[in-house]
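Structural features, examined
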Amino acid sequence: MLPGWLILLTSFGYLSLLFAIAYYGDRRADRGRSLIGHSSIYALSIAVYCTSWTFYGSVGRAASTGLGFLPIYLGPTLMFALGWAVIRKIVRISKVHHITSIADFVSSRYGKSHLLGGLVTVIAVVGIMPYISLQLKAVSSSFAVLLHYPDLAAAHPMSASPFEDTALLVAMVLALFTILFGTRHIDATEHHEGMVAAIAFESIVKLLAFLAVGAFVAFGIFGSPGELFRQAAAQPQLARLMSVEAIGPNWITLTLLSMAAIIFLPRQFQVTVVENVDERHLEKAVWLFPLYLFAINLFVLPITLGGLLRFPGGALDTDTFVLALPLAEGAPYLALLVFIGGLSAATGMVIVETIALSTMVCNDLIMPVLLRFGRLHLSERSDLSGLLLGIRRGAILFIILLGYLYFRLIGESYALVTIGLVSFAAAAQFAPAILGGIYWKGGSRQGAVAGLSAGFAVWAYTLLLPSFAKSGWLPESIVDLGPFGLHLLKPYALFGLEGLDSISHSLFWSLAANVGGYVAVSLAGSKSTIERIQATLFVEVFSQSESGRGLGAWRGKAAVADLRELAARFIGRERAQQAFADFGRRHGFDIDKRTEADADLVQYVERLLAGAIGAASARVMIATTVQGEGIGIEEIMEVLDETSQVLEYSRQLEHKSQELEAATRELQAANQRLKELDRMKDEFLSTVTHELRTPLTSIRSFSEILFDNPELDATQRGEFLSIVIRESERLTRLVNQVLDLAKIEAGRMDWHLEDLDLAGLLNDAAASLRGIFEERDVGLDLRLPAPSPLVRADRDHLTRVVINLLSNAQKVCGPGTGRVEMWMEPGEGEAAVFVRDNGPGIEPDLQDKIFEKFYQLAAGGTGNPSGSGLGLAICRSIVERQGGRIAVHSRPGEGATFSFTVPYPPG
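Summarised in this report is the structure supplied together with it. Nothing here was measured: the structure is a model prediction, and the numbers come from that model.

For the rest of this paragraph, the subject is the overall build of the chain. Broken down by element type, the chain carries 34 helices and seven strands. Counting every position in the chain, which comprises 907 residues, the buried fraction comes to 53%. Taking all contacts inside the chain whose residues are at least 6 apart in sequence as the whole, residues at least 24 apart take part in 80%.

One pass over the full model with this rule turns up 24 aromatic pairs. Plain terms: the ring middles of Trp53 and Tyr131 are 6.0 Å apart, the flat faces sit at 65 degrees to each other, and that makes the pair edge-to-face. Of the two residues, Trp53 is situated in helix H3 (residues 52-65) and Tyr131 in helix H7 (residues 114-148); the sequence distance between them amounts to 78 residues. The interplanar angle of 80 degrees and the centroid separation of 5.8 Å between the aromatic rings of Trp440 and Tyr518 together place this pair among those described as edge-to-face. With Trp440 in the loop between helix H20 (430-439) and helix H21 (445-470) and Tyr518 in helix H23 (residues 502-524), the pair connects residues that are 78 residues apart, well separated along the chain. Taking the relative accessible area as the measure of exposure, Trp440 reaches 27% and is therefore partly exposed.

With that settled, consider the nonpolar core. Formed by 171 residues in total, the largest nonpolar core has its most connected members in Ile303 and Phe424. The greatest single-element share of this core, amounting to 18 residues, is contributed by H7. In terms of nonpolar packing, the next biggest core, distinct from the first, is built from 45 residues, Trp751, Met822, Ala831 and Val835 among them.

What the rule picks out here adds up to 18 salt bridges. Across the pair Glu704 and Arg700 runs a salt bridge whose closest N-O atoms are separated by 2.9 Å. Linking Glu704 with Arg700, this pair stays in helix H30 (residues 633-708), spanning four residues, or about one helical turn. By relative accessible area, Glu704 is classed as partly exposed at 38%. Classification of Arg700 as exposed rests on a relative accessible area of 59%. Across the pair Asp755 and Arg792 runs a salt bridge whose closest N-O atoms are separated by 3.0 Å. Of this pair, Asp755 sits in strand E1 (residues 753-757) while Arg792 sits in strand E3 (residues 790-794), and the two are 37 residues apart along the sequence.

Glancing now at the environment of Trp459. For Trp459, the location among the structural elements is in helix H21. In this structure the C-alpha to C-alpha distance between Trp459 and Ala426, which are 33 residues apart in sequence, comes to 6.7 Å. Ignoring sequence-local partners within four residues, the contact set of Trp459 consists of Val126, Gly127, Val422, Ala425, Ala426, Gln429, Leu464, Ser506 and Ser510.

With seven of eight residues buried, strand E5 (residues 830-837) lies mostly within the body of the structure. Bridge count for strand E4 (residues 819-826) against E5 is seven bridges, and the pairing is antiparallel. Across the sheet, the residue bridging to Met824 is Val833, located in E5. Once E4 ends, the chain turns through three residues before running back antiparallel as E5, passing Gly829 with a positive phi of about 85 degrees. Pairing of E5 with strand E7 (residues 896-903), which is carried by eight bridges, proceeds in the antiparallel orientation. In the strand pairing of E7, Glu830 is matched with Pro903.

Rules behind the numbers
- Residues numbered from 1 in each chain as written.
- Predicted model: local features only at pLDDT ≥ 70, side-chain atom pairs only at ≥ 80, totals over all residues.
- Heavy atoms only, no water.
- Helix = DSSP H or I, 4+ residues; strand = E, 2+ residues; numbered from the N terminus.
- Buried < 20%, exposed > 50% of the residue type's maximum accessible area, 1.4 Å probe, protein only.
- Contact = heavy atoms within 4.5 Å.
- Phe/Tyr/Trp six-rings, centres within 6.5 Å; stacked < 30°, edge-to-face > 60°.
- Core = buried A, V, L, I, M, F, W, Y, C linked by side-chain atoms within 4.5 Å.
- Salt bridge = Lys/Arg side-chain N within 4 Å of Asp/Glu carboxyl O.
- Pairing = 2+ DSSP bridges.

By themselves, these are just geometric observations and shouldn't be taken as functional.
Quick look at the structure:
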């Protein structure tokens, strides 16, 4: 057991360290050297999601459901991994419109409605109250266990009176910390840099503390995780916790609930959206935050199993295993570190949550009422910044005390996890209005009010009311039998729906009422013009913000001095002076020399006030200063439409430009191809001319010799005549090739398809060339199967292809060492014929070109082109005309293998 003074001294020392970090962060911000400009700080601040519920409650939940604690962390992981586009859009909207809280967001989207802002604030305060009480309960319970262990009876946190209660002491300290660093500036759009830095530090502390106790249990107490799991597996009850069976049927509900909570809990909205200084920080948060969740949950199951093995039979509250295990094993200072980790988890949540809620209470609940209450004469006061700060500080104290009151009255009736889920279900009620608001222009203010009211009412009836009944503040018969004995109205079986756990049951009915009310009323009712404007601005935030056009929502006259005086009343004179000077500097003029404000300055002041008193109140206050009318709604809608049209035209022009670029590339490629064909045509004509001229010259020369020398002897005359005949045949063959190619391309070639014995055809073709192979001393091997399959082809044309390939193969082989192989492989639907030589091979970049017309490869050994360049082009045309394919595979120096396919007869 640790002495109380040591626990208190360590706790105050840690809180003092947080004060120092927050103070240092604010000082750095004042000097323009922001700490939160680093994306890792941003990602760590989002880990405020892991509260004492995670630190203590995950183990408690795992003790009953095994891996059932994971959906609470699977949801946020999925949201950041898959729904980052939604988060990015909310962040962009909030930056463009100077949003200060989730209530301000909803209010601004639906026409800057006071009613909606107030409704969201009430739901948030009431819904989050159990969550704050959860943190106080966790700190109080852990302090009591640490102080009194092993006398657990004395460790009951509710045994102390309120004046001796550590929970009350912690609540007061947290309120002091939050007031000092959470309300330093009245402009809520300013970032709480010191607070965010402290929250990021707390995230590291609680992670290290949890990993330390996890490693201690897994390796220190049980020797290794394997031994721990082996001992647990030996006990059926514990073995069940390691199976999927223990998770329970509500994991889908919890996953969806936590997906909503990671954005719509007020504190998560605060750190993820309001405190974001750069949208690009989301890119790191997308993977760093899920990684943090994985790390902090790594040892949940080992600690749970270790606690159940060490404290069997329910001897100890499972929520306290994290703390009790090191105490039971004689490691009190590790237990003290764990206590500090739990304190970090709780304080981080309470601080950020109360800052967010106090801003909402001030801007969306109290100030709208005060500004309408004429007897207070607020309009006559020159400086309201002190009043605003006082309201926010009072709201912080009130909210924390409200949480403490819930803890004293009801907190002992529920486990930590159950209390947390009640708040999650409340936060989920914001999802329809926000998601519908950023993706659906048809959502209206009346629809949002109807949906939120219905959803909140059902949530309160099915979750909050039973908590009061279970704590003895209401008759328990309301839960068991329904009010007035009406079974259909039982809070846990509303309208006869049974078989679901309380959270799934409440979420189903509340969201059904919420979404149904929102959609039905939106579709049935009409929208005001300001709602239509805000809907367009929110739904099309990326296109509107990219257009760079201001809407100029005000047209009337306004004096710069009046606007400056108005701003000073709410944010303070010094801050107002600085803000006006910044505006003039950015727009390139001296603001002190201006007497009349333009629309941009009026809009700037409105956004400035929105950060202090909310968007709805800011618009009302600006309206009291600007003389004349604001720009007509129709004009604004025209601007929006014009902007949308300009952007659409821009997109169309960009699309057309891309099409033109693609067409230009195609034309360039076609032009290049035409040039290549033209070059090949010239080469062909040159080759054909040469080929024609050579035999013609020879024929003419020998004919002239024969004509001029009739006295030549018969032997010489016969020799010359044989040359004339051979050259005539060569000339005829060349002309025939040109004519055949022309006929094939023109589709005038005659085809006589028949069923052929392919092996017989190949043998005949090889036999016709046997003499040439023997003459050049080139080996020819045939490998043909027997029996051979029948193919469907034109015999003469196919024989021509085989002869052409064999003839080409023997040409590229060297005499004496040359070797040509031909074989056939039956396949599915077609037979393949291969002709392989051991010649010099073909370069890879030439293997496609050799099938083109007029293309000639250098003959082996001579380096000069051989043939007319039409043989392979004719082969390809013949093979493809008969439904086959022709190809070549070759590596330089390793010969070449030509192949073609011939289809089998149909049927």
